[in-house]
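Here's the letter readout for the chains.
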Amino acid sequence: MFSKILVANRGEIALRIIRACREMGVRTVAVYSVPDANSAHVHLADEAVCIGNAPSSQSYLNIPSIISAAEITDVDAIHPGYGFLSENAHFAEICESCQIKFIGPSPHAIRSMGDKMAARETARKAGVPIIPGTKEAVKDKDEALKIAKKIKYPVIIKAAAGGGGRGMRVCHNEVRLVSALMTAQHEAEVAFGNGAVYIEKYLERPKHIEIQLLADNHGHMIYLHERDCSIQRRHQKLVEEAPSPAVDWKLRRKMGEMALRAAKAVGYTNAGTVEFLLNEDGQFYFIEMNTRVQVEHGITELITGIDIVKEQIRIAAGEKLSIRKQDQVPLIGHAIECRINAEDPTNNFSPSPGKIERYNAPGGPGVRVDSHAYAGYTVLPYYDSMIGKLMVHGRNRGEAIAIMQRALEEFIIEPIKTTIPIHKEIMKHPVFRRGQMFTDFIDRMQGEQRTDKDKLAAEPQEAKTK
Ligand code: MV4
């Protein structure tokens, strides 16, 4: 096992990794930017090194600075968390060349899955269902028109180097397709330095289902069932749950086996997640693979009892998976996560940084809070607005929702604006309670609220006093 790990991240995930290390008897090094000097991860780690100024490009994305910190503190390994350098194959290679273990998959696996168009082709060749569309990058408008005619509108243009919804464009007709192609290619070139785009048939109301995988370097690979991440807004997940109310055991097994196939095709090791879109007819399609630990990994830990971060560290240290047989992976009860962001849901989710004066995290049976926030902590404007994750675990979905509602009521974060109020709305929404949410859930819910408000405003005074 490693004796010391550098955590190349901040916020709640840095804490999560430090906690795993502490329990495993591994020492930790935190890295931090100048304004993060007072952050919880700096205090909880055994050592801490300042790596640069506030902008991520100068600190958490600054490879020379992070490698220097690793060499000065003489660590055996680096855990990248999520975001920042976690899916940077070049960084993984540099770690390797410095004899520092990168806690994640191989540079080859990261690179293969990082090109979303290549990943789609890899999945197809491995026999994993993909959405009808292009095999290679779309060269010009004639090619785009031809393929769209074949698969029929609506279609979606995606950037090969994109992922997570970045650089996507939905087109309902030929005119839109031609103009969208030009801008999509240009935007992809500017944003990712790679203008390659591909086209898929656009699925109108899918569910977003992802399969968590673990693979060691001894040939063992298991899936830890699915998470339902259909509740998103502008490609930011708000609520996730495991298992999915839309997946039965037969489908779970099919999706799990297809996820394993896709991962095996690139020689995948460590923790990873295969994303699928699930149609109302029960058909599912590979969309991409995330080669890192994800924000929502905790709900899978709650239903399986498997500590994914500890498994990541053990795998990187060359140990075998703690559970190596698929039928020994538990699925107990139901877990839900609400992401608590410093955003104002009543003002288009605009960021709401600032000092937290009052803070009280919920507790009690079935509640887990992963957060770096505390009373007196200042939410910084430079980074991601997520200040914590509220996770609950119940015997079934109904119980999990009840625990979540109770926990949301207990949670106090003042005076900054947070997403807690919208989570309360989601938990009581009949569509959510029936488990019938699709990726358009939040837009529809907010549409309903607007019409409610309009109705109230338009209604004569007597309607209220009656
Ligand atoms: C799609 C799609 C419909 N059809 N692909 C968004 C995130 C990225 N990983 C893939 N995404 C989508 N790809 C086809 N062919 C719809 C989405 C999508 C979506 C997916 C999951 C959750 C929320 C979403 C919101 C809008 C669009």
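Residues numbered from 1 in each chain as written. Predicted model: local features only at pLDDT ≥ 70, side-chain atom pairs only at ≥ 80, totals over all residues. Heavy atoms only, no water.

Some remarks on the environment of Ala407
Formally: Helix and strand labels come from DSSP, where a helix needs a run of H or I of at least four residues and a strand needs a run of E of at least two; each type is numbered from the N terminus. Should any heavy atoms of two residues lie within 4.5 Å, those residues are counted as being in contact.
Along the chain, the position of Ala407 falls in helix H12 (residues 397-410). In sequence terms Ala407 and Ala8 are 399 residues apart; their C-alpha atoms lie 31 Å from each other. For Ala407, the residues in contact, after removing those within four places along its chain, are Pro362, Val367 and Leu390.

Quick look at the packing of helix H7 (residues 141-151) against helix H8 (residues 174-192)
What counts here: Structural elements are reduced to axes, namely lines fitted to C-alpha atoms, with helices fitted over the stretch in contact, and the angle between N-to-C directions of any two is expressed from 0 to 180 degrees. Any angle that falls under 35 degrees is termed roughly parallel, while one over 145 is termed roughly antiparallel, one within 65 to 115 roughly perpendicular, and all others oblique. In this scheme, a crossing is called left-handed if the near helix is turned counterclockwise away from the far one by less than a right angle; it is called right-handed if the turn is clockwise.
Two numbers describe how H7 lies on H8: the axes approach to 10 Å, and their chain directions differ by 140 degrees. Relative to H8, H7 is oriented oblique. By crossing handedness, the relation of H7 to H8 is classed as right-handed. Contact with H7, carried on its side by Lys141, Ala144, Leu145 and Ala148, involves Glu174, Leu177, Val178 and Leu181 of H8 and no other residues of that element.

Structural notes on the domain arrangement of the chain
Rules: The split of the chain into domains comes from an automatic or database domain assignment. Defined in terms of a 1.4 Å probe, buried area is the accessible area two parts forfeit on being brought together, summed over both. A pair is scored as a salt bridge if a Lys or Arg side-chain nitrogen falls within 4 Å of a carboxyl oxygen belonging to Asp or Glu. Nitrogen and oxygen atoms within 3.5 Å of one another constitute a polar contact, given that in protein one can donate a hydrogen and the other can accept it, and given that sequence-neighbouring residues count only through two side-chain atoms.
Per the domain assignment, the segments of the chain are domain 1 (4-103), domain 2 (132-201) and domain 3 (207-450). Domain 1 and domain 3 are separated by 23 Å when their C-alpha centres are compared. Taken together, the contacts link 33 residues of domain 1 with 29 residues of domain 3. Contact between domain 1 and domain 3 buries roughly 2300 Å² in total, counting both sides, with carbon and sulfur atoms accounting for 61%. Along the contact surface separating domain 1 from domain 3 lie five salt bridges. Across the pair Lys310 and Glu23 runs a salt bridge whose closest N-O atoms are separated by 2.6 Å. Summed over the shared surface of domain 1 and domain 3, the number is 12 residue pairs in polar contact (both at pLDDT 80 or more).

Remarks on the sheet that holds strand E5 (residues 101-102)
Note the following rule: A pair of strands is treated as paired once DSSP finds two or more bridges between them.
Pairing is parallel across the open sheet formed by five strands, whose spatial order is E3-E2-E1-E4-E5. Each end of this open sheet is capped by a strand with a single partner; those strands are strand E3 (47-52) and E5. Note: strand E1 (residues 4-7) against strand E2 (residues 27-33), four bridges, orientation parallel. Looking across to E2, one finds that Leu6 is bridged to Val29.

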